[in-house]
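# Structural characterization, general
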Amino acid sequence: MLSVQNLDVAYGPTQILFDVSMEVPANELFCVMGRNGVGKTTLLNAIMGVLRPTGGRVFFEGRDLGKMHPYQRVKAGLAYVPQTRGSFPQLTVLESLKVVVDASDRGDRDAMEDAIELFPRLRKLLGRKAGLLSGGEAAQLAIARALVTKPRLLILDEPTEGIQPSIILEIEDAIANLNSSTGMSILLVEQYMEFALRLAGKHIVLDAGEVVSSGATADLDDARMRELLLL
Amino acid sequence: MDAFLGQVFTGLSVGSVLILIALGLTFTFGQMNVINMAHGEFIMAGAYTAFVLQDLIGTDTSLVVALPVAFVIAGTLGLLLELVLVRRLYGRPLDTLLVTWGVSLMLQQLARDIFGAPNVQVRAPGWLGGSLHLAGATLSYSRIFIIGLVVVSVVGIWVFLTRLPQGARMRAVMQNRQLASCSGLKTHSIDRLTFFIGSGLAGIAGVALTLLGSTGPTLGTNYIVDAFLVVVVGGLGQLRGAVIAAVALGLLNAFVEFSTEASIARVAVFVAIVAFLQFRPQGLFVMKSRALT
Ligand SMILES: Nc1ncnc2c1ncn2[C@@H]1O[C@H](COP(=O)(O)OP(=O)(O)O)[C@@H](O)[C@H]1O
Ligand SMILES: [Mg+2]
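Analysis parameters
Residues numbered from 1 in each chain as written. Chains lettered and ligands numbered in written order. Predicted model: local features only at pLDDT ≥ 70, side-chain atom pairs only at ≥ 80, totals over all residues. Heavy atoms only, no water. Contact = heavy atoms within 4.5 Å. Buried area = accessible area lost by both parts, 1.4 Å probe. Salt bridge = Lys/Arg side-chain N within 4 Å of Asp/Glu carboxyl O. Polar contact = N/O pair within 3.5 Å; in protein donor to acceptor, adjacent residues only side chain to side chain. Donors = N, O, S within 2.8 Å, 3.2 Å for Na, K, Ca; no water. Helix = DSSP H or I, 4+ residues; strand = E, 2+ residues; numbered from the N terminus. Buried < 20%, exposed > 50% of the residue type's maximum accessible area, 1.4 Å probe, protein only. 1 Å grid on protein atoms, 1.4 Å probe; cavity = no way out; pocket = protein on both sides within 12 Å on 5 of 7 lines; lining within 4 Å. Points joined across faces, edges and corners; volume = space filled by probe spheres on them. Nonpolar A, V, L, I, M, F, W, Y, C, P; charged D, E, K, R; others polar. Phe/Tyr/Trp six-rings, centres within 6.5 Å; stacked < 30°, edge-to-face > 60°. Near = heavy atom within 4 Å. Core = buried A, V, L, I, M, F, W, Y, C linked by side-chain atoms within 4.5 Å. Domains from an automatic or database assignment.

### Observations concerning the interface of chain B and chain A
Across the boundary between the two partners, chain B contributes 28 residues, which contact 24 residues of chain A. Between chain B and chain A, the buried area comes to about 2,200 Å², and carbon and sulfur atoms account for 63% of it. Put simply, chain B and chain A have one salt bridge between them. Note that A:Glu95 is salt-bridged to B:Arg171, the shortest N-O span being 2.9 Å. At the surface where chain B touches chain A, the tally comes to five residue pairs in polar contact (both at pLDDT 80 or more).

Here is the structure:
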């Protein structure tokens, strides 16, 4: 479904990703793992078109995403929940969802209702400014905002980072649910290893901008995994 | 007392034109992260629109007709600026500043070529001739008209921004452009709409200014600095902030000018603003958010 081929990405003269390739199959929950600073966010930004790769290609459902702008990639069926969980701070929660639904050809009222259903906490916050939400609430809004476009591939960058444990469970459940019940493909960056191992079917591990391990998560050797992921 | 009231009134009418100019400027500022130096020339374009129309259709109706026409003409100039130049320069604020400054000079020269260097006079329509006598002060109908015009425009912008889907999109892009794009908002067409509306407002302001004085090629440059100050003090992309800051600046200008000489008055106003920014460098209100990279 998503095919990343020999991707190189650089910030100015500093190359961050080296020849990264991966295949995310349809209906799969695919996990990108690796220590802090190895280039996971950079990889997602390049897939989404926020960054221009210096080499390699990205295909989605057979289409070369090439030089498409991020909004064209959303139209093609991708959705992105960035690690920063940025918001439109002066828009209310409801306005934040509506503005995205209105701009989407697939999204509609039902999609909005479904997203709120998934995170019932948001229902009480619909009138609140997005800039005033707590970390956990902002994370849920960010996922809901991605879901209202009815994506075929949902890309999540460390959705549970820095969030209180009770909400981590809610978010985990929601993600697992999306994948198993709707068959939505999910590309997940996750540091929290137990979560990744439990949910992900396939994975890659990055180290210093290169793929150092890839395959089915079930085959992963626990010891090797720890060595790759822990400092 | 009557002189005091008159001065408040003068301050309010100038301040209200500043609101229009600054609101437009803050729209495009939110987009480029830098002042559009050609914004002043969109004001000038609006003023000359009123001048041309008064000869074409007569002063009785020309003012009212000039408002929408100036909006479209100035808006289209802004749209062209975005489409041809600014679009290639997003993320390069210094280049953008220089390019828009260049465009500003070109437009001034163009005005000189078409209308001549000396100022021209737009005559106020007869129905705005008189003035209202209130508590001993004289409030001219033209200034009352300007204040009313600005109130209507600000309410219109507010309704547009908060009630219409296009307005919500514009706010989203101004507040977090990258996130907007990653959420599927067609940032490029929203940019164009923002430029059209922001520049169009300058056109309306230009028409209003013809009621306060004469029109010349450098009309806009007289106002662009004050408008910039309003944007900085009010906080980026903030309707509320711009309104409060513009009225405050208009009043401050009028009063300081009233009590001292004009050039000293300017310095006093600058000092007041610098002092204010020491306490609130982000302006009255803030809205930008973290970027993705
Ligand atoms: N905007 C940027 N400019 C320059 N270097 C950056 C930028 N963003 C990230 N980097 C660098 O790129 C590397 C990878 O960062 P990132 O992709 O955020 O890692 P991860 O998400 O795996 O923690 C880091 O060394 C980081 O310092
Ligand atoms: Mg990261």
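### Focus: the coordination of the magnesium ion (ligand 2)
Residues and elements named next belong to chain A. The magnesium ion (ligand 2) binds to the protein through Thr-41 (OG1) and Gln-83 (OE1), with metal-donor distances spanning 2.0 to 2.1 Å. Placement of the pair is Thr-41 in helix H1 (residues 40-48) and Gln-83 in the loop between strand E6 (78-81) and helix H3 (93-103), with a sequence separation of 42 residues. On the accessibility criterion, Thr-41 (21% relative accessible area) is partly exposed.

### Some words on empty space enclosed by the protein
A full pass over the atoms with the stated rule returns three cavities of 30 Å³ or more. Of the voids in this model, the largest cavity is the one considered here, and its volume is about 100 Å³. Lining of the largest cavity is provided by A:Tyr71, A:Val74, A:Lys75, A:Ala103, A:Ser104, A:Asp105, A:Arg106, A:Thr149, B:Gly184 and B:Lys186. If you tally residues by element for the lining of the largest cavity, the top one is helix H2 (residues 70-76) of chain A, at three residues. Looking at the lining of the largest cavity residue by residue, the class counts come to three nonpolar, three polar and four charged. A volume near 60 Å³ is recorded for the second largest cavity. If you go around the second largest cavity, the residues you meet are A:Val74, A:Leu78, A:Ala79, A:Tyr80, A:Ala142, A:Arg145, A:Ala146, A:Thr149, B:Cys182 and B:Ser183. Among the secondary structure elements, those contributing two or more residues to the lining of the second largest cavity are E6 and helix H5 (135-147) of chain A. Here the lining of the second largest cavity is built from residues that sort into seven nonpolar, two polar and one charged.

### Digging into the packing of aromatic side chains
Residue and element names in this part refer to chain B. Tallied over the entire structure, the rule returns five aromatic pairs over all chains. Ring centres 6.5 Å apart and planes at 80° place the aromatic pair Tyr-48 and Phe-51 in the edge-to-face group. Here Tyr-48 and its partner Phe-51 are both found in helix H2 (residues 39-57), three residues apart, which amounts to about one turn of the helix. Like Phe-51, Tyr-48 is buried.

### Focus: the site of ligand 1
Residues and elements named next belong to chain A. Around ligand 1, the structure places Tyr-11, Ile-16, Arg-35, Asn-36, Gly-37, Val-38, Gly-39, Lys-40, Thr-41 and Thr-42. With three residues, H1 is the single largest residue contributor to the shell around ligand 1. Considering only residue class, the shell around ligand 1 consists of three nonpolar, five polar and two charged.

### Considering the nonpolar core
Ranked by internal contacts, the top residues of the largest apolar core, which has 128 residues, are A:Leu154 and B:Leu185. The biggest single contributor to this core is helix H1 (residues 2-32) of chain B, with eleven residues. Residue contributions to this core reach at least three from each of two domains, namely domain 1 (2-77 + 152-229) and domain 2 (91-150) of chain A.

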